[in-house]
Amino acid sequence: MAGGPAAAEVEAGQAVYTPLTLALYDRLVLGLSNRLLWRCPTRHLRALYAGNLGARHLDIGVGTGYFLDTADWPVPAPRITLLDLNPHSLAAAGRRIARHRPEAVRADCLEPLPVPVPPGFDSVGLCYLLHCLPGAIPEKARVLDHAAAVLAPGGCVFGATILQGDAPRSRAAQALMDLYNARGIFSNARDRHEDLEAALDARFAELRLWRQGAVALFAARRPR
């Protein structure tokens, strides 16, 4: 996505992930914010990974690599591809799961993914990605199209995102969301559960979508 405001917004959404913030991320976000603010303790996200990981996995928006590091993989030697626009996240996640010899790809997930398609991936993870992408759900849902395009038959696209709309949230949670949106870290002011459901349902014939606090979790199969 070269040039223009959209490109700047994409850059803003990932620029916060510096070596310093990544060093604090697991403790502050996965340890505190998930439990106290978003009301989705990290165990729910770990369960999402545990139930949907495949032998050939593509993770988009890799964070610190925590979920890939702590996952029980379905095979002894999974083939893992990390895709992110932020080089610091790619480096941190790559080091963390170095034992799996992951492949790292630096790319914008709102563009077609520069990864080999055949035979495709058995799973594609989009954990805490959508609320960082610019625009409303119908616009940022392009990443779902790109994920579906590289999915192997029988594979699963799964993820989680922090919503607004009618999602339950405390004053403290709303204040932090407002701050993150003002700084371009989040872009979820218009993200609603019903729009996410519509975007997923339009693209996948099999869908599980549920909420835990302010977080929507999903697992989708059989691209339309």
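Just so we're clear, the structure is a prediction, and the values are computed from it rather than from any experiment.

Colleague: I'd love a proper account of the overall build of the chain, names of residues and values included.
Modeller: Within the chain, the secondary structure is distributed over 9 helices and 7 strands. For 224 residues, the compact-globule estimate of 2.2 N^0.38 gives 17 Å, and the chain sits close to it at 16 Å. Taken along the three principal axes of its C-alpha coordinates, the chain extends 45 × 40 × 40 Å. Expressed as a percentage of its 224 residues, the buried residues of the chain come to 53%. Taking all contacts inside the chain whose residues are at least 6 apart in sequence as the whole, residues at least 24 apart take part in 65%. As displayed, the chain offers around 10,200 Å² of accessible surface, 54% of which is attributable to carbon and sulfur atoms. Charged side chains of the chain number 25 positive and 21 negative; the gap between the two group centres comes to 6 Å.

Colleague: How would you explain unusual backbone geometry if you had to name every residue and give the values?
Modeller: Following proline 118, the chain continues to proline 119 via a peptide bond in cis, the omega torsion being 0 degrees. For proline 119, the location among the structural elements is in the loop between β3 (103-106) and β4 (121-127). Of note, the phi angle at arginine 39 is positive, near 60 degrees, even though the residue is not glycine. Inspection of the secondary structure assignment puts arginine 39 in the loop between α2 (19-37) and α3 (42-52). Its identity as a non-glycine residue notwithstanding, tyrosine 128 has a phi of 55 degrees, on the positive side. Structurally, the position occupied by tyrosine 128 is in the loop between β4 and α6 (137-140).

Colleague: So what about the environment of aspartate 122? Which residues, and what values?
Modeller: Among the secondary structure elements, aspartate 122 is positioned in strand β4. Those residues in contact with aspartate 122 that lie beyond four places of it in its chain are Gly54, Ala55, Arg56, Leu151, Ala152, Gly155 and Cys156.

Colleague: Any chance you could break down the confidence of the model for the chain for me, citing the residues and the numbers?
Modeller: Taken residue by residue, the chain gives an average pLDDT of 94. The fraction at 70 or more is 93%. Counting interchain partners and residues more than four positions distant, the pLDDT-below-50 stretch residues 1-5 has 8 contacts.

Colleague: Outline the sheet that holds β4, listing residues and values.
Modeller: Strand order in the open sheet made by the 7 strands is β3-β2-β1-β4-β5-β7-β6, with mixed pairing throughout. With one partner strand each, in any of the chains shown, β3 and β6 (204-212) form the two edges of the open sheet. Going from strand to strand, the sheet's axes swing by 15 degrees on average, the running direction of each strand aside. Looking at chain direction, strand β2 (residues 79-84) and β3 are connected through 4 bridges and run parallel. Counterpart to leucine 83 in the pairing with β3 is valine 105. Packing against the sheet, helix α5 (residues 87-96) makes contact with β2 and β3, and its axis sits at approximately 155 degrees to β2.

Colleague: Talk me through the pattern of salt bridges; I want residue IDs and the actual numbers.
Modeller: In a structure, side chains of opposite charge can pair up when their charged atoms sit close to one another. For the structure on display, the rule yields 11 salt bridges. A salt bridge links aspartate 26 to arginine 96; the nearest nitrogen and oxygen atoms lie 2.6 Å apart. A residue pair is termed long-range when its members are at least 10 positions apart, and aspartate 26 in helix α2 and arginine 96 in helix α5 qualify at 70 residues. Two residues, glutamate 139 and arginine 190, come together in a salt bridge whose shortest N-O distance is 3.8 Å. Of this pair, glutamate 139 sits in helix α6 while arginine 190 sits in the loop between α8 (171-182) and α9 (193-203); the two residues are 51 residues apart in sequence, bridging distant segments of the chain. For glutamate 139, a relative accessible area of 40% gives the class partly exposed.

Colleague: Account for the nonpolar core, naming residues and giving values.
Modeller: Core analysis: the largest hydrophobic core is formed by 73 residues, its most contacted members being Trp38, Ile60, Leu83, Val124, Leu126, Tyr128 and Val143. Not counting chain neighbours up to four residues away, the residues in contact with isoleucine 60 comprise Leu83, Cys109, Leu113, Val124, Gly125, Leu126, Cys127 and Leu129.

Scoring rules and cut-offs
- Residues numbered from 1 in each chain as written.
- Predicted model: local features only at pLDDT ≥ 70, side-chain atom pairs only at ≥ 80, totals over all residues.
- Heavy atoms only, no water.
- Helix = DSSP H or I, 4+ residues; strand = E, 2+ residues; numbered from the N terminus.
- Rg over C-alpha atoms; globule rule 2.2 N^0.38 Å.
- Buried < 20%, exposed > 50% of the residue type's maximum accessible area, 1.4 Å probe, protein only.
- Contact = heavy atoms within 4.5 Å.
- Areas by Shrake-Rupley, 256 points an atom, 1.4 Å probe, with all protein chains shown as cover.
- Lys, Arg positive; Asp, Glu negative; His and termini not counted.
- Charge placed at Lys NZ, Arg CZ, Asp CG, Glu CD.
- pLDDT = per-residue confidence, 0-100.
- Pairing = 2+ DSSP bridges.
- Axes fitted to C-alpha atoms, helices over the stretch in contact; angles between N-to-C directions.
- Salt bridge = Lys/Arg side-chain N within 4 Å of Asp/Glu carboxyl O.
- Core = buried A, V, L, I, M, F, W, Y, C linked by side-chain atoms within 4.5 Å.

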